[in-house]
Amino acid sequence: MKRLGALLASLLLAGSLTACGGTAAQEMQSIQVFAMDTVMGLRACGGETEAALAAAEDEIYRLDEALSRTREDSAVSRLNSAAGGTPVDVGEELRDLIARALDFSAATDGAFDITLAPVSSAWGFTEDTYRVPEDAELALLLPCVGAEHVHLEEGTAVSLDQGTQIDLGAIAKGYASDRMAAIYQEHGITHGIVDLGGNTWVCGGNLEGEPWQIGIQDPARSAGALAGILEASDAFAVTSGGYQRYFEENGQLYHHIIDPATGRPAESGLTSVTVVADGAAGNGTMCDALSTALFVMGEDRALELWRSGVYDFDLILVTEDGRLLATAGIADRFRPDDSAGYAYEIVS
């Protein structure tokens, strides 16, 4: 069983789709794209709207091909299939993205890890052929998991230790949202939304000149039920939750967010993590990586990283014991949904 889309941009309380761009009324234009195993929605107004949406669509398809580990012709697949220790020229873009991933791994004590590819496949999450692997199978795979098995070589080359493979699924959509923001800026877009399925970027304010209102999915209820609403302008917001993709076997639920330390679905006491940051370049990638890592790390370690100031972001956490936490930086922009029944806390 699978459910996609933690941050539901379709629930944006945006008002009319016209009267954009000051005195010269323009129509909000939109497209829908299926890529990265996700239905994506893009909306834009102002500037070179049609050109921006066309360029954004092309870029999404390009990234889907370039960053996929299931396409035999992608640089990721070439790297994964090379003999252990063999440098592979992956190009500047992919090498830089891998380097950032390694930085996130270091900052989160390994909670973020792109080398979980064989483990994720063992659970069937990559191929949608779900199964519970035996302990012995995971024991063989785990020694090949860890950032220390990825080596940045000279130029644009990368090598992997024998048995190690990478999967950029926990960072690719965040990087794509950064690219969408750059394309919108290049084309002068003044109002817009990019919803990449749990990864949301909002451009400017809504069509009435107010912040966009982003619905945060309640992980304990069906799709469309909200834990709360976040007001945002020129910002990234990315959610990770165990409810997004999971399966059930013998009465036990298994979700797709794997703890690199155990090779099993993370048991951190959290059911949802939303990371919010301003629209600065690169923050989409950061939010995507951190939302996964902080879900694995759990409440205490997540808040410890937030307080450390290593990265500039805010958090909305939903816990298994029925609490909803928002960090102080966005507390005045987040409105919990009382019908969800969570005990609401502001964290400072």
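Look a little higher up for the structure.
All of the points below concern the structure found in this document. (Residues numbered from 1 in each chain as written. Predicted model: local features only at pLDDT ≥ 70, side-chain atom pairs only at ≥ 80, totals over all residues. Heavy atoms only, no water.)

1. Quick word on the overall build of the chain
The helix and strand tally for the chain stands at eight helices and 20 strands. Taken over the C-alpha trace, the chain has a radius of gyration of 20 Å; the compact-globule value for 348 residues is 20 Å, and the two agree within 12%. In terms of overall dimensions, the chain has a C-alpha envelope of 65 × 45 × 35 Å along the principal axes. Classification of the 348 residues of the chain by burial places 55% in the buried group. Accessible surface, the chain as shown: approximately 14,400 Å² in total, 48% of it carbon and sulfur. (Helix = DSSP H or I, 4+ residues; strand = E, 2+ residues; numbered from the N terminus. Rg over C-alpha atoms; globule rule 2.2 N^0.38 Å. Buried < 20%, exposed > 50% of the residue type's maximum accessible area, 1.4 Å probe, protein only. Areas by Shrake-Rupley, 256 points an atom, 1.4 Å probe, with all protein chains shown as cover.)

2. Comments concerning the sheet that holds strand S5 (residues 150-152)
Spatial strand order, S4-S6-S5: three strands in an open sheet with antiparallel pairing. With partners counted over all chains shown, the strands left at the sheet margins are strand S4 (88-89) and S5, one partner each. Direction of pairing for S4 relative to strand S6 (residues 157-160): antiparallel, over a ladder of two bridges. Following the sheet pairing, Asp89 is matched in S6 by Ala157. Of the strands in this sheet, S5 and S6 are in contact with helix H3 (residues 92-107), which crosses S5 at around 125 degrees. (Pairing = 2+ DSSP bridges. Contact = heavy atoms within 4.5 Å. Axes fitted to C-alpha atoms, helices over the stretch in contact; angles between N-to-C directions.)

3. Focus: the pairing of strand S7 (residues 191-195)
Judged by how many residues are buried, S7 sits mostly within the fold: five of five residues are covered. Of the two faces of S7, the one holding His191, Ile193 and Asp195 and the one holding Gly192 and Val194 are both buried throughout. As consecutive antiparallel partners, S7 and strand S8 (residues 199-203) are separated by three residues, and within that stretch Gly197 has a phi angle of approximately 75 degrees, a positive value.

4. Quick look at the packing of aromatic side chains
When we look at a pair of aromatic rings, we describe it by the centre distance and by the angle of the planes. On inspection of all chains with the given rule, the structure shows eleven aromatic pairs. With centroids separated by 5.6 Å and ring planes inclined at 50 degrees, the aromatic side chains of Phe104 and Tyr311 adopt a geometry described as tilted. With Phe104 in helix H3 and Tyr311 in the loop between helix H8 (299-308) and strand S17 (314-319), this pair connects stretches of sequence that are 207 residues apart. A ring pair is formed by Trp201 and Phe236, whose centres lie 6.3 Å apart and whose planes are at 35 degrees; its orientation type is tilted. With a gap of 35 residues between them, Trp201 in strand S8 and Phe236 in strand S11 (residues 235-241) connect regions that are remote in the sequence. The exposure class of Phe236 is buried, given its relative accessible area of 1%. (Phe/Tyr/Trp six-rings, centres within 6.5 Å; stacked < 30°, edge-to-face > 60°.)

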